[in-house]
Structure formats: C-alpha cells, structure tokens
Protein chains: 2
Amino acid sequence: MRSRSTVLETATLGLLTTVPLHGYELRKQLSLLLGPLRAFSYGTLYPVLRSLQQRGLIATVEPTQATAATTARGTSLSGRRGRIVYELTADGKEHLQSVLSSAGPSAWEDENFDVRFALFAQTDADTRLRILEGRRTRLTEKLEAVRESAARIRERLDEYTLELQRHGLEQVEREVRWLDGLITQERGRASRDPRENQKERG
Amino acid sequence: MRSRSTVLETATLGLLTTVPLHGYELRKQLSLLLGPLRAFSYGTLYPVLRSLQQRGLIATVEPTQATAATTARGTSLSGRRGRIVYELTADGKEHLQSVLSSAGPSAWEDENFDVRFALFAQTDADTRLRILEGRRTRLTEKLEAVRESAARIRERLDEYTLELQRHGLEQVEREVRWLDGLITQERGRASRDPRENQKERG
DNA sequence: GTTAGCATGTAAGGAGTTACATGATTTT
DNA sequence: AAAATCATGTAACTCCTTACATGCTAAC
C-alpha cells in the first residue's frame, strides 16, 4: 500500500499552486493556512521539499533578471545558498488534483481535514460535500460513543475531569454545527450552479 | 537532558492512583479521560506499561483469591496470559506528584495540558493556577500573532481559507474565555480555603 | 467445539521535533 | 565590520501507528 500524501506535502503543493515560494516563506504561510496550531519545523519542511522535487512534483525557479547578479544558482549542485524558490510542475498539478479528489481511510481523512478544507477552492463540489459529510459522520459517531460510556461512569469522576469532558463535548458539538452550516451552504451552491466541478479562485 | 514524561505515561499513572487496572481497560478509560480525540493504540500502550513497571513506578497485582485457580500468574516469566492488572507503587506515587507539580518548556506544557487538567484533583492549587494562566498566555500570544499576519494577507485568500481561519480563531477565543472562567473560579477557591495545597478527591 | 470478543504482545516504519551547523543578507 | 535575522540543511531521536501474531474466555 503506497503511503498516502502527508499533510505537509499536500499543503505545500496547495500553496505553490498560487505562487512560487521558498521554504522559509512557505513555512509562514503554512501556519496561516492551517491555523494557530500546526507549525512545522524546518527539519521537516526542507526534506519534504527535496523529496517533492526529486519526484518531479515541484521544481526550482531560476531568478531570471531579478536583483541578484550572482549567477548559476538553482539547478545544479555545490554553491547554492540563499533563497531557493520552488514552483509546481505539470506533474505536481496533476498529482495534487488526484489527491484532492481521492478518498482515503477515515483516520487519514480526519488528520487531513483542515488542509483539505483550506484547499476547497481547488476541489470539485462533489468532493467538498463528501469531505464535509464524512467528517460530520465521524464526529457524531465519536460523540455518541463518548456520551454513552461517560454516562456509565459519571459518578466516579471528580469535578475537573467532568469539566474537561463537558468542555470537550461542547467543542465537538460546536464543530458539528459548523459543519452543518457549511453543508447546507454547499448544497445551496450546488443547486444554484449545478455544472461546477473544477477549479475556482476567489 | 532526561526526557520528560509523555502524555501517556502521566495519564496512566494518574488513572492508576484511583484503581488498579489492566491495559485493555486502561485504554478505554484513557479515551474518556482525554476526550473524544486522543485514543492510543495497544502498540503504544503495552510497551509503556512494561517500561513503567521496569522503572518500578507500577507493579502487577496478584489475583489473590479471585475466580481463577490457575496459579503463578503475574510476577515471573513464561506462561502469563490473561489480564495483567497494574497498580501504582510508592515510587510511582512520588514520581507522579513530582511530575504534577513541575513546570516544563511551553511546548511540553501545551501538549500535556489536557492530562494535567484531568489530574487537577491531585494537583496543588498553586500549580493549577500556574498551568491555567500559562496556557492562557500562550494562546493569546498565538492569537495575536495570527491576527497580525492574517491582516497583512487577507485579500489574497479565497473564501474557504478565510472561513477556516475565522473558525480557528473563534475556537481559540472560546478556549481563552473558558480558561478565564476557570481561573477566576480557582482564585475564588484559593481565597475561601487558602491552606489547601495537597491531594483532594471529589 | 467453534466462533466472537477480550487481552497481550512485537517488529517495522512513518511523521515530526530538537539540536546543531552554516551560509547569505540586512541593519546598525 | 559586527550583530541580527533570514535561509537552508542534517543526524539522532521520540512518539506513535500499523500490521501482525497469539492466547485466553465466554456464548452459541
């Protein structure tokens, strides 16, 4: 079973569809794209960039006639320090599209939910709905399981544990309501424009 | 630098202070203690249990005069299948207390927040406040940083990314308000009973 | 007595961090 | 020209999952 794309790989390809970026800048945009949580260290980022490059999904951009006069920076080996700007290749675009429209095991879909959502503008309408509904289903299932077992041992728990549990449930419930709103919104969108199923940028 | 306790280790010790448990059961209680998220696999759990045992922090409980008649199960090697029940040793209690009252680097404190909170009943009042306030500070700092950089690139983002960002910020803001409530509650508690600083069970 | 679920365990590997090292550019 | 910050890179390690294997116990 070929290992699926990681969060970071997908997010990187997603970000590079809009603008070519170098690693350092990419990292900043990532924490923006994925929220206050989820910052990746350079120790993860740079190896991933190289891997993507070796697989031909991204490529370095030559500085054309920019500020720097120091030539031969980019493609070949040895003395390449300073910014290395990457852009998405044709293969990369294709790969990203196939990742964005594919389904995976639920654990994978959960882990990747926020990236997938952040890249909804590049995702077709059917997949958007599938992702939102899939997440909704899994969250409510977990909610049900927790509520059930919580009921059985409620009296054995101290006030802090109870409060943590209450707060956790509330957070998930809120998430479900958020998803509900998005789902009805997507449905409305679909009925207004039934033909839409490819790229879109706002 | 001796590696700090992991979430799972601390949670395990915390759960075992109340009741002796075997691994399988422990796992169920863990997902309850730590909310709908955070379920650990057996591949993680059992090695951790053995490690804790080897370090003398937990010990197997002999079945005394329980149902089973099959002797010599527990301590020594070879044929031990069926439940293995663990309890906290004196060393384990001591270790847990020292972990619960110690401070760590902020990344560690963030990762461990929920476990620490779940074990507040066994934590002294000063530490409770320190943990709550520390988390509040870190969250507001992140909030500020994200808001700031978000303002700079808002117009370059599509509607989905914006919605994700908005939702993320809202979640964190809500968390901060939750912490505020807990902090004032702890302060009130402290002024009503200024001497409390050790174990407590509800 | 055999299926189903409880219970424990191990090996391989994935995804990420930390700590470190170093080069390039800007600021003072 | 020194200091700060931008920018890239690597090695070792941690925590955890997956996939597998196996034994025990109860239900039918």
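See the structure above.
Residues numbered from 1 in each chain as written. Chains lettered and ligands numbered in written order. Predicted model: local features only at pLDDT ≥ 70, side-chain atom pairs only at ≥ 80, totals over all residues. Heavy atoms only, no water.

Caption draft 1: Quick look at the sheet that holds strand β2 (residues 58-60) of chain B. All names here are of chain B. Pairing is antiparallel in the open sheet, where 3 strands are placed in the order β1-β3-β2. The open sheet has two edge strands, β1 (21-22) and β2, and neither has a second partner. Bridge analysis of β2 against strand β3 (residues 85-88) gives 3 bridges, and the strand direction is antiparallel. By the bridge assignment for β3, A59 is matched with E87. Where helix α1 (residues 7-18) meets the sheet, its contacts fall on β1, β2 and β3, and the angle it forms with β3 comes to roughly 90°. (Pairing = 2+ DSSP bridges. Helix = DSSP H or I, 4+ residues; strand = E, 2+ residues; numbered from the N terminus. Contact = heavy atoms within 4.5 Å. Axes fitted to C-alpha atoms, helices over the stretch in contact; angles between N-to-C directions.)

Caption draft 2: Structural view of the packing of aromatic side chains. Per the counting criterion, the structure on display carries 14 aromatic pairs over all chains. Aromatic pair A:F113 and A:F117: ring centres 6.0 Å apart, planes at 35°, arrangement tilted. With a gap of 4 residues between them, A:F113 and A:F117 both fall in helix α6 (residues 113-118), about one helical turn apart. In terms of burial, A:F113 and A:F117 fall into one category: buried. Three or more aromatic residues joined by ring pairs make a cluster, and in this case those are A:F113, A:F117, A:F120, A:W178 and B:Y160. For the cation-ring pair, B:R27 lies above B:Y42, with the distance from its terminal atom to the ring centre recorded as 4.5 Å. Directly above the ring of B:F113 sits B:R135, whose terminal nitrogen or CZ lies 4.5 Å from the centroid. (Phe/Tyr/Trp six-rings, centres within 6.5 Å; stacked < 30°, edge-to-face > 60°. Buried < 20%, exposed > 50% of the residue type's maximum accessible area, 1.4 Å probe, protein only. Lys NZ or Arg CZ within 6 Å of the ring centre and 35° of its normal.)

Caption draft 3: Broad picture of the environment of B:Q171. You can see B:Q171 is positioned in helix α8 (residues 159-192). A relative accessible area of 19% places B:Q171 in the buried class. Each C-alpha atom, one on B:Q171 and one on B:D124, is 29 Å from the other, the two residues being 47 residues apart in sequence. Apart from the residues lying within four places of it in its own chain, the contact partners of B:Q171 are A:Q171, A:R174 and A:E175.

Caption draft 4: Expanded view of the interface of chain A and chain B. If you look at the interface, chain A gives 39 residues, while chain B gives 38 residues. A combined buried area of about 3500 Å² lies between chain A and chain B, and 59% of that area is made up of carbon and sulfur atoms. Residue A:E159 pairs with B:R189 through a salt bridge whose shortest N-O separation is 2.9 Å. Where chain A touches chain B, the interface holds 14 residue pairs in polar contact (both at pLDDT 80 or more). For the side of chain A that touches chain B, the secondary structure elements donating two or more residues are α2 (23-33), α6, α7 (125-153) and α8 (159-192) of chain A. Considering only residue class, the side of chain A that touches chain B consists of 17 nonpolar, 8 polar and 14 charged. (Buried area = accessible area lost by both parts, 1.4 Å probe. Salt bridge = Lys/Arg side-chain N within 4 Å of Asp/Glu carboxyl O. Polar contact = N/O pair within 3.5 Å; in protein donor to acceptor, adjacent residues only side chain to side chain. Nonpolar A, V, L, I, M, F, W, Y, C, P; charged D, E, K, R; others polar.)

Caption draft 5: Layout of helix α3 (residues 42-54) of chain A. Residue and element names in this part refer to chain A. Here α3 spans 18 Å end to end across 13 residues, near enough to the 18 Å set by a 1.5 Å rise per residue. Within the span of α3, buried status applies to L45, V48, L49 and L52. One side of α3 carries all its buried residues, which in axial view fall inside an arc of 105°. Exposed residues pointing more than 90 degrees away from the buried face of α3 are listed as G43 and Q54. Those residues of α3 hidden inside the fold are in contact with α1 (7-18), α2, β2 (58-60) and β3 (85-88). Phi turns positive one or two residues past the end of α3, at G56, with a value near 75°. (Expected span 1.5 Å × (residues − 1). Arc of directions from axis to C-beta.)

Caption draft 6: The sheet that holds strand β1 (residues 21-22) of chain A, seen in detail. Residues and elements named next belong to chain A. Pairing in this open sheet of 3 strands is antiparallel, and the strands run β1-β3-β2 from one edge to the other. Each edge of the sheet is formed by a strand with only one pairing partner; in this case those strands are β1 and β2. Lying over the sheet, α3 contacts β2 and β3, oriented at roughly 100° with respect to β2.

Caption draft 7: Spatial organisation of the protein's contact with DNA strand D. Within the structure, DNA strand D sits among 19 residues, and A:Y24, A:Y46, A:R50, A:R83 and B:T44 are positioned closest to it. Close to the protein, within 4 Å, the atoms of DNA strand D are drawn from sugar and phosphate at a rate of 74%. The separation between a phosphate oxygen of DNA strand D and a polar side-chain atom of A:H22 is 3.5 Å. Residue A:G23 places a main-chain N or O atom 3.3 Å away from a phosphate oxygen belonging to DNA strand D. Of all the elements in the fold, those that place two or more residues in the surface near DNA strand D are α2 and α3 of chain A together with α3 (42-54) of chain B. No other element matches the 4 residues that α3(A) contributes to the surface near DNA strand D. Partitioning the surface near DNA strand D into residue classes produces 6 nonpolar, 9 polar and 4 charged. (Near = heavy atom within 4 Å.)

Caption draft 8: Here's a closer look at the side chain of B:T10. Residue and element names in this part refer to chain B. Here T10 lies in helix α1. Overall, the relative accessible area of 3% leaves T10 in the buried class. A polar contact of 3.0 Å, which involves the side chain of T10, links it to the backbone oxygen of T6.

Caption draft 9: Main features of the pairing of β3(B). All names here are of chain B. Covered by surrounding structure in β3 are Y86 and L88 only, the residues V85 and E87 on the alternate face being uncovered. With 2 bridges joining them, β1 and β3 adopt antiparallel strand pairing. Counted as the bridge partner of L21 is Y86 from β3.

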